[in-house]
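What follows is the residue order along each chain.
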Amino acid sequence: MSLKPHTSAALNRIQPSATLAMTARVTKLKADGVDVIGLSAGEPDFDTPDFVKEAAIEAIRGGQTKYTLVDGTVALKEAIRGKFRRDNGLDFGLDQITVNVGGKHTLFNALVATVDPGDEVIIPAPYWVSYPDIVAFAGGTPVTIEASAAQNYKITPEQLDAAITAKTRWIIFNSPSNPSGAAYSPEELDALGEVIRRHPHVMVMTDDMYEHVWYADFAFSTLAQSTRPPTAIVGVASAADLIAA
Ligand SMILES: Cc1ncc(COP(=O)(O)O)c(C=O)c1O
């Protein structure tokens, strides 16, 4: 007799990760001797830089192996505050910063903590595959806005305005975008910010993961700079600085 473990309704609402399935397939093809390049998981093709490794080893040797404050050590939050001031012209209090274990964990915590059944979360498409699943896990309804190739995979202020309803809780916004590479100019962000300011019940989750990953003549700015005063901003920057290092 085989025992089938019970899985929760929340778990049953989500699909296995397409990214991980593709990564597993690439690993298998490589093992079979196939010359294949994996373009699924967003991982740098170089090792963690030595100064990062050394700092981690030094911290462990120095006894930093105990529980920290749940939302991150004061030193780390100070460093994050400094990064937002230096790179983005944004000033956050330490009580507005929380540290998690990566971007996915940050999105998960924020959505599970704020989304109720029936709430809508706007996601411009094409999107990173995890967004709708995390929304569904939290009990919300993903609402996608299609950004076609003809519009360079960017949503327009009119599309955003039309997608917002009384039930909209968040917009999850990602620029430069995975997977399209679309990157919004400050003017385009300001136009979206103007729409968002007219709907103060809508919170903004700006996933700035690829802040430093662009190849054209481009200067990054974040939607957080265009939505002041912000209702809520979650800057997901976990991998951005490592990739840039
Ligand atoms: C747009 C985007 N946001 C967030 C993440 C997840 O980041 P983390 O690996 O820190 O959970 C990824 C990773 O591929 C991503 O592409």
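For clarity, every value in this text was computed on a predicted model and none was experimentally measured.

1. Section: the overall build of the protein chain
Turning to step 1, where the next piece is worked out: Helix and strand counts for the protein chain come out as 9 helices and 4 strands.
Turning to step 2, where the next piece is worked out: Reading the protein chain from its N terminus to its C terminus gives the helix and strand order α-α-α-α-α-β-α-β-α-β-α-β-α.
Turning to step 3, where the next piece is worked out: Relative to a compact globule of 245 residues, whose C-alpha radius of gyration would be 18 Å, the protein chain shows 20 Å and is just as compact.
Turning to step 4, where the next piece is worked out: Judged by the C-alpha coordinates and their principal axes, the protein chain covers about 50 × 50 × 40 Å.
Turning to step 5, where the next piece is worked out: Buried residues in the protein chain amount to 26% of all 245 residues.
Turning to step 6, where the next piece is worked out: A separation threshold of at least 6 residues defines the contact pool for the protein chain, and within that pool the share at least 24 residues apart is 64%.

2. Quick word on the sheet that holds strand β2 (residues 141–146)
Pairing between the strands of a sheet comes from backbone hydrogen bonds, and it takes one of two forms, parallel or antiparallel.
Turning to step 1, where the next piece is worked out: Strand order in this open sheet of 4 strands is β2-β1-β3-β4, and the pairing throughout is parallel. One side of each edge strand has no neighbouring strand; the edge strands of this open sheet are β2 and β4 (203–207). Strand-to-strand twist in this sheet, taken as the mean axis angle between neighbours without regard to direction, amounts to 25°.

3. Some points on the pairing of strand β3 (residues 168–174)
Turning to step 1, where the next piece is worked out: Of all the 7 residues making up β3, 6 are buried; the element is thus mostly covered by neighbouring parts of the structure.
Turning to step 2, where the next piece is worked out: Alignment of strand β1 (residues 120–125) against β3, held across 3 bridges, turns out to be parallel. In the strand pairing of β3, V121 is matched with W170.
Turning to step 3, where the next piece is worked out: Bridge count for β3 against β4 is 5 bridges, and the pairing is parallel. Directly across from I171, in β4, lies its bridge partner V204.
Turning to step 4, where the next piece is worked out: Note that the unit made of β3, helix α8 (residues 186–197) and β4 has a crossover that is right-handed.

4. Structural notes on the nonpolar core
Turning to step 1, where the next piece is worked out: In terms of nonpolar packing, the biggest core is built from 33 residues, with I172 and M205 touching the most fellow members.
Turning to step 2, where the next piece is worked out: The set of elements that each furnish at least two residues to this core consists of α5 (103–114), β1, α6 (130–137), β3, α8 and β4.

5. Looking at the domain arrangement of the protein chain
Turning to step 1, where the next piece is worked out: By the assigned domains, the protein chain splits into domain 1 (1–43) and domain 2 (100–244).
Turning to step 2, where the next piece is worked out: Listed as interface residues are 8 residues of domain 1 and, on the opposing side, 6 residues of domain 2.

6. Comments concerning the environment of A149
Turning to step 1, where the next piece is worked out: The topology assignment puts A149 in the loop between β2 and α7 (157–163).
Turning to step 2, where the next piece is worked out: Remark: the alpha-carbon pair of A149 and R197, spanning 48 residues in sequence, is separated by 27 Å.

7. Section: helix α4 (residues 74–88)
Turning to step 1, where the next piece is worked out: With 15 residues, α4 should reach 21 Å at 1.5 Å per residue; the first-to-last C-alpha distance of 20 Å fits that figure.
Turning to step 2, where the next piece is worked out: One or two steps after α4, the chain reaches G89, where phi turns positive at roughly 65°.

8. A word on the packing of α5 against α6
Turning to step 1, where the next piece is worked out: At a minimum axis distance of 9 Å, the contact between α5 and α6 shows a crossing angle of 35°. Our pair here, α5 against α6, has a crossing hand that is right-handed. Residue-level inspection shows K104, L107, F108 and L111 of α5 in contact with α6, the latter providing S130, I134 and V135.

9. Describing unusual backbone geometry
Turning to step 1, where the next piece is worked out: Of note, the amide linkage connecting A125 to P126 takes the cis form, showing an omega dihedral of 5°.
Turning to step 2, where the next piece is worked out: Along the chain, the position of P126 falls in the loop between β1 and α6.
Turning to step 3, where the next piece is worked out: The backbone phi angle of N152 is positive, close to 55°, even though this residue is not glycine.
Turning to step 4, where the next piece is worked out: Phi angles above zero are rare outside glycine, and Y153 is one such case at about 60°.
Turning to step 5, where the next piece is worked out: Residue placement: Y153 occurs in the loop between β2 and α7.

Cut-offs applied
For every chain, the first residue of the written sequence is number 1, and numbering continues from 1 along that sequence. pLDDT decides what is reported in this predicted model: residues at 70 or higher carry local features, side-chain atom pairs at 80 or more are listed and counted, and totals for whole chains, interfaces and linings draw on all residues regardless. Numbered from the N terminus, helices here are DSSP runs of H or I no shorter than four residues, and strands are runs of E no shorter than two. The globule rule used here is 2.2 Å times the number of residues to the 0.38 power, and the radius of gyration it is set against is calculated over C-alpha atoms. Exposed residues have 12 or fewer other C-beta atoms within 10 Å of their own C-beta, buried residues have 20 or more, and partly exposed residues fall in between, where C-beta atoms are placed from the backbone. Residues are scored as being in contact if the C-beta atoms we place from backbone atoms lie within 7 Å. For two strands to pair, DSSP has to find at least two bridges joining them. Helix axes use the C-alpha atoms of the stretch in contact, all axes being lines fitted to C-alpha atoms, and the angles between their N-to-C directions lie in the range 0 to 180 degrees. Whether a crossover is right-handed depends on one test, that the path from the first strand over the helix to the second runs clockwise when the strands point away from the viewer. Buried Ala, Val, Leu, Ile, Met, Phe, Trp, Tyr and Cys residues form a nonpolar core when they are connected through C-beta atoms within 7 Å. Where each domain begins and ends follows an automated or database-derived domain assignment. By this rule, a helix spans an expected 1.5 Å times one less than how many residues it contains. Each helix crossing is assigned a hand: it is left-handed if the near helix lies turned anticlockwise from the far helix by less than a right angle, otherwise right-handed if that turn is clockwise.

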